[in-house]
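Analysis of the macromolecular model
If you want the building blocks of each chain, they are given just below.
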Amino acid sequence: MGEEKPVPPHAAADVTEHVGYRLKRAAAALRSAMDQVLREYGLTVPQYSCLELLDEQPGISGSDLARSTFVTRQSSAVVLRGLQEAGLVARPAAAEHGRALPVHLTAAGLAKLEAARGAVYAVERRMIGAIPNHRMEALLGDLDRMAAALGES
């Protein structure tokens with residue numbers, strides 16, 4: 001006797017109609033559009049994400065930065081090293097308290113972020129322009145609930 005075929009999570013003609021596929025497709029399209037506009041500022045999406053977070057949370061640790069940008073600590077360390085070598089972020093040589101080295105934007109980092117931010121926001125405006133305003137709150141809530149259902153808060 002053969003095993004029963006798993007039941008799909010919802011009615012779908014093929015894999016392209018699965019929610020996960022559509023989420024990945026939207027994320028890939030966003031990443032591609034952001035890569036394209038950030039190139040003219042000499043930044044990558046992970047670098048831009050780090051700069052944004054450092055503007056919002058000055059002094060955040062490298063570990064917290066990695067967690068917030070959805071990359072491994074090793075990947076975050078590489079990104080931070082590149083930003084530091086470019087003079088966009090600064091870290092002390094030694095931690096004042098504990099082991100975490102706080103990371104801060106430099107004046108050059110803030111200027112680079114402010115220059116690139118408008119282009120990134122234009123990409124997001126283009127993306128969400130496809131969603132009626134009255135559905136935005138529901139969409140954001142649905143995305144949060146999906147992440148929470150998979151253990152992400």
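What counts as what
- Residues numbered from 1 in each chain as written.
- Predicted model: local features only at pLDDT ≥ 70, side-chain atom pairs only at ≥ 80, totals over all residues.
- Heavy atoms only, no water.
- Helix = DSSP H or I, 4+ residues; strand = E, 2+ residues; numbered from the N terminus.
- Buried < 20%, exposed > 50% of the residue type's maximum accessible area, 1.4 Å probe, protein only.
- Contact = heavy atoms within 4.5 Å.
- Areas by Shrake-Rupley, 256 points an atom, 1.4 Å probe, with all protein chains shown as cover.
- Lys, Arg positive; Asp, Glu negative; His and termini not counted.
- Charge placed at Lys NZ, Arg CZ, Asp CG, Glu CD.
- 1 Å grid on protein atoms, 1.4 Å probe; cavity = no way out; pocket = protein on both sides within 12 Å on 5 of 7 lines; lining within 4 Å.
- Points joined across faces, edges and corners; volume = space filled by probe spheres on them.
- Nonpolar A, V, L, I, M, F, W, Y, C, P; charged D, E, K, R; others polar.
- Expected span 1.5 Å × (residues − 1).
- Salt bridge = Lys/Arg side-chain N within 4 Å of Asp/Glu carboxyl O.

Remarks on the overall build of the chain
When helices and strands are tallied, the chain shows six helices and two strands. Taken along its principal axes, the extent of the C-alpha atoms in the chain is 65 × 40 × 25 Å. The buried share of the chain, taken over its 153 residues, is 24%. Sequence separation of at least 24 residues holds for 48% of the intrachain contacts in the chain that already meet a minimum separation of 6. Of the accessible surface of the chain, which amounts to about 10900 Å², a share of 55% is contributed by carbon and sulfur atoms. Each charge class in the chain was averaged separately, 17 positive and 18 negative side chains, and the resulting centres sit 4 Å apart.

Here we look at the layout of surface pockets
The probe, sized like a water molecule, is rolled over the atoms to show the empty space still left. Approximately 2300 Å³ is the volume found for the largest pocket. Around the largest pocket, the lining is made up of 47 residues, and of these Ala27, Leu30, Phe70, Met127 and Leu143 lie nearest the centre. Its residues assigned to classes, the lining of the largest pocket comprises 30 nonpolar, four polar and 13 charged.

Notes on helix H6 (residues 133-149)
Along its 17 residues, H6 runs 25 Å from first to last C-alpha, staying within 8% of the 24 Å computed at 1.5 Å per residue. Two residues or fewer after H6 comes Gly151, characterised by a positive phi angle close to 95 degrees.

Topic: the side chain of Ser76
Residue position: Ser76 is located in helix H4 (residues 73-85). Ser76 sits in the buried class, given a relative accessible area of 1%.

Overview of the pattern of salt bridges
What the rule picks out here adds up to five salt bridges. Ionic pairing is found between Arg117 and Asp55, a salt bridge with its closest N-O pair at 2.8 Å. Residue Arg117 is found in helix H5 (residues 107-128), and its partner Asp55 is found in helix H2 (residues 45-56); the two are separated by 62 residues along the sequence. By relative accessible area, Asp55 is classed as partly exposed at 30%. Among the ionic pairs, Arg67 bridges to Asp64, the shortest N-O distance being 2.3 Å. Note that Arg67 and Asp64 are positioned in helix H3 (residues 62-68) at a spacing of three residues, about one turn of the helix. Looking at Asp64, the relative accessible area reads 32%, which means it is partly exposed. Several salt bridges converge on common partners, so that one network encompasses Glu52, Asp55 and Arg117.

Quick notes on the environment of Gly87
In this structure, Gly87 sits in the loop between H4 and strand E1 (89-90). Residue classification places Gly87 among the partly exposed residues on the basis of a relative accessible area of 30%. With 19 residues separating them in the primary sequence, Gly87 and Thr106 have C-alpha atoms 7.0 Å apart. The contact partners of Gly87, leaving out residues within four places of it in the chain, are Thr106, Ala108 and Gly109.

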